[in-house]
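# Descriptive analysis of the structure
Chain by chain, the residues:
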Amino acid sequence: MTHIIMAGEQMEADVLVIGGGPAGLMAAIHAAESGAKVTLIDKANTVRSGSGATGNDHFRAYIPAFHGPDMEPVVKEVAKSQAGWTRPQSFVRTWMKTSFDIVKMWDDWGIPMKHEGRWEFSGHTFPGKPFTTLKYSGQSQKPILTKEAKKRGVKIVNRVTAFDLITDHGISGAIGVHGREDKIITFSAKAVVLCTGGCVRLYPGPTPGWMFNRADSPHTTGDGRAMAYRAGADLLNMEIPMRWAGPKYFAKCGKATWVGVLRDPRDKPVGPFVTKPDRIYGDPISDSYKGLFEDYMKTGKGPVYMDCRGISNEDYDYMMHYMKHEGLHGILHHFDEEGIDLRENPIEFMTYEMTTRGGIHYNEKGETSMPGLYAAGDEYFGGISAAATFGWIAGGKAAGFAFGRDAPSKNAGKESSEALKNLVREMRNRKDGPSWQEINVALNQVMSDYIGPTRSDTLVEAGTAHLLRIKEKARKDLVAKNQHELIHCLEVLNLLDVAEVIFAAIKERKETREKYIRVDHPYKNPAFDEKVLVCRKGPEGPLTEWKAIND
Amino acid sequence: MPPIIDDSKCTGCGVCAEHCPQDVFFGSEIKKTPVIAFPEECWHCYACVLDCPVPEAIRLRTPVPMMLSYR
């Protein structure tokens, strides 16, 4: 076997954006418009990376021409929604106030934000409640945003995965590993914006032993959360679980794009909100009750079907159009392969695996707990509109911060770059040991067995001990046969750090509240009202602290 | 497992390999039919099919465990 030597390379910018989804591209666009020299690095290619790769069709927004002059009802509704209920209301207010500007920008750039020339709101809505999700045609959102970033001089570096932030004398950039060449790149910057997306691949997916059948993009592996944690930044609400639901076995988000009624096997609607397919509402029962599909299976009453029978021709065309824009191309193709017709065939739905709802603690300015470090998008779950809006805000703020400071010293990052070089060199040159898959499966196992739906002190204790042993083995023994596997090894190391934080947070929150359940503490503890649980790195592992919600 | 490339139609332009978010085509070279190095890592996002300039040069097959359950 040839001995792999990792080459080194240096790049400089005022603002470094990590991750090129809607949040990262909007951050880069705004920072560059503000006059900063911007570099954006993406693990894949910004044209099709992340969970919005081939489209989205719902965008939370307040549109004065649609909603009228009073924004507050929309703010209140979004604050109660899946995207807003763990956020302070001031955060949601900033989001909604800025959302229309973002919608107008996107529309100007060629992402169609209107339906047949008008603002159309549908899906994720309960009858009688304010509409909050704007229907849009986002299939080409990523190529369009990439073009806009390039137009403004953003330097895009694709196929580079950032693994560590440079923290000498404040945040000074990041170290990245190339996914195709044996190369480590040191990015020196005055400010950094983390936009790496969600935390997929923590828990086992719907298909046993398969890693990539996932509702969200499987290459979003909590890299930003792990990097921020290792650098000393605060993570928030990591113990709060999040679950998606959608078509059974072909995991894909986009439930609200389906125009049908959720029914049991005897055709009885499982929710009280709709009795016939209606494109305006879809069936919102699964918005307030995501575990519904799993519960119906467990109790033998299931399965539950998405039943589009009886849909009007107009609504059927509408649904099929937006399925493309939501990026459900694989499912549409499968309909053709199997001869499935939604006008005749009810499709079984399921509740997908857990992940964490929480993430990097960033405020309504995109600021994290560390000066010079910004974050946006699904670094803390919020969905596409929060990503675009807070990406934009964070990019502007990061540029402002960068103008107020000198460039980091030439030696910044030298030590962390050497450390990473040694780590990856070892993984690339080792002959025997576990592959990334082995470690990832071991992690999935410990997550689902010890902090799955059943959570308690004794389970957390046993699970933490096991997790730490896996982690030690991973750091010491992982083998990467090529750069592709090397990136997966780094992802797994990130997932292990994120997992350790989740275990620590669950240990600390000894209560049951909303969707967070502790079987050994089945009551709400009023001492935690108006508080959030913050985790940060300590000398011996994660430290936890309760903070007032608006801190 | 996906994707499947029709050798007789593929021009070796490399767009699928460049755009694939999961780098399923790792190790591919321009001007040659792309290598499907990690088919089990496909997320079925369809970037390769949508962005391929040649009609029907590339398609995805749905793996059996991902078949929808319906009635």
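Residues numbered from 1 in each chain as written. Chains lettered and ligands numbered in written order. Predicted model: local features only at pLDDT ≥ 70, side-chain atom pairs only at ≥ 80, totals over all residues. Heavy atoms only, no water.

## Quick word on the overall build of chain B
- Each helix and strand in chain B was counted, giving two helices and two strands.
- Traced from its N-terminal end to its C-terminal end, chain B shows the element sequence β-α-α-β.
- The C-alpha radius of gyration of chain B comes to 12 Å, within 12% of the 11 Å expected for a compact globule of 71 residues.
- Along the longest, intermediate and shortest principal axes, the C-alpha atoms of chain B span 45 × 20 × 15 Å.
- Per-residue burial over chain B gives 46% buried out of 71 residues.
- Working note: accessible area of chain B is about 3300 Å², and carbon and sulfur atoms make up 58% of it.
- Of the side chains in chain B, 6 bear a positive and 9 a negative charge, and the two mean positions are spaced by 8 Å. (Helix = DSSP H or I, 4+ residues; strand = E, 2+ residues; numbered from the N terminus. Rg over C-alpha atoms; globule rule 2.2 N^0.38 Å. Buried < 20%, exposed > 50% of the residue type's maximum accessible area, 1.4 Å probe, protein only. Areas by Shrake-Rupley, 256 points an atom, 1.4 Å probe, with all protein chains shown as cover. Lys, Arg positive; Asp, Glu negative; His and termini not counted. Charge placed at Lys NZ, Arg CZ, Asp CG, Glu CD.)

## Notes on the domain arrangement of chain A
Residues and elements named next belong to chain A.
- Per the domain assignment, the segments making up chain A are domain 1 (57–94 + 104–137), domain 2 (244–354) and domain 3 (416–522).
- Taking the mean C-alpha position of each, domain 1 and domain 2 sit 22 Å from one another.
- Contacts between domain 1 and domain 2 engage 18 residues on the former and 17 residues on the latter.
- Of the roughly 1600 Å² buried between domain 1 and domain 2, counting both surfaces, carbon and sulfur atoms make up 54%.
- Among the residues of domain 1 in contact with domain 2, D57, F126 and S137 are the three that bury the most area, contributing 31% of the side total.
- Applying the counting rule to domain 1 against domain 2 returns one salt bridge.
- Put simply, R279 and E120 hold a salt bridge, and the shortest N to O gap is 3.4 Å. (Domains from an automatic or database assignment. Contact = heavy atoms within 4.5 Å. Buried area = accessible area lost by both parts, 1.4 Å probe. Salt bridge = Lys/Arg side-chain N within 4 Å of Asp/Glu carboxyl O.)

## Let's talk about the environment of D477 of chain A
Residue and element names in this part refer to chain A.
- Here D477 lies in helix 14 (residues 457–477).
- Distance from D477 to P434, taken between C-alpha atoms, is 6.4 Å for residues 43 residues apart in sequence.
- Dropping the residues within four chain positions of it, D477 is found in contact with R430, D432, G433 and P434.

## Remarks on the packing of helix 1 (residues 22–33) of chain A against helix 4 (residues 89–109) of chain A
Residues and elements named next belong to chain A.
- Between helix 1 and helix 4, the shortest axis-to-axis distance is 14 Å and the interhelical angle comes to 90 degrees. Taken together, the axes of helix 1 and helix 4 lie roughly perpendicular to each other. Side by side, helix 1 and helix 4 meet where P22, M26 and I29 of the first sit next to I102, M105, W106 and W109 of the second.
- Classifying every residue of the contact of helix 1 with helix 4 gives seven nonpolar, no polar and no charged. (Axes fitted to C-alpha atoms, helices over the stretch in contact; angles between N-to-C directions. Parallel < 35°, antiparallel > 145°, perpendicular 65-115°, else oblique. Nonpolar A, V, L, I, M, F, W, Y, C, P; charged D, E, K, R; others polar.)

## Details of the sheet that holds strand 14 (residues 359–360) of chain A
Residues and elements named next belong to chain A.
- Pairing is antiparallel across the open sheet formed by four strands, whose spatial order is 14-9-16-17. Because the sheet does not close on itself, it has two edges, and the strands there are strand 14 and strand 17 (541–548).
- Strand direction decides the pairing type here: strand 9 (residues 235–236) and strand 14, joined by two bridges, are antiparallel. Within strand 14, the position partnered with L235 by the bridge is I360. (Pairing = 2+ DSSP bridges.)

## Concerning the sheet that holds strand 13 (residues 347–356) of chain A
Residue and element names in this part refer to chain A.
- One open sheet accounts for four strands, arranged 10-13-12-11; its pairing is antiparallel. Single-partner strands in this sheet number two, and they are strand 10 (241–247) and strand 11 (261–263). Strand-to-strand twist of the sheet, defined as the mean angle between neighbouring strand axes without regard to direction, takes the value 40 degrees.
- Relative to strand 13, strand 12 (residues 305–307) is paired through two bridges, and the arrangement is antiparallel. Within the sheet, the bridge partner assigned to M306 lies in strand 13 and is I347.

## Remarks on the nonpolar core
Residue and element names in this part refer to chain A.
- If you look at the biggest cluster of nonpolar residues, it comprises 155 residues, and the most contacted ones within it are V15, I18, M26, F59, W106, L202 and M427.
- If you tally residues by element for this core, the top one is helix 15 (residues 483–508), at 15 residues.
- Setting aside residues no more than four positions away along its own chain, W106 makes contact with P22, M26, F59, I111, M113, Y136, Q141, L145, I384 and A388.
- In this structure, F250, L292, Y316 and L332 belong to the second largest nonpolar core, which totals 28 residues. (Core = buried A, V, L, I, M, F, W, Y, C linked by side-chain atoms within 4.5 Å.)

## What to know about helix 1 of chain A
Residue and element names in this part refer to chain A.
- With 12 residues, helix 1 extends 16 Å between its outermost C-alpha atoms, agreeing within 8% with the 16 Å of an ideal straight helix rising 1.5 Å per residue.
- All buried positions along helix 1 are accounted for by P22, A23, G24, L25, M26, A27, A28, I29, H30, A31 and A32.
- Those residues of helix 1 that are buried lie in contact with strand 1 (7–18), strand 2 (38–41), helix 4, helix 5 (141–151), strand 8 (183–194) and helix 11 (383–403).
- Trailing helix 1 by a residue or two, G35 shows a phi angle of about 105 degrees, which is positive. (Expected span 1.5 Å × (residues − 1).)

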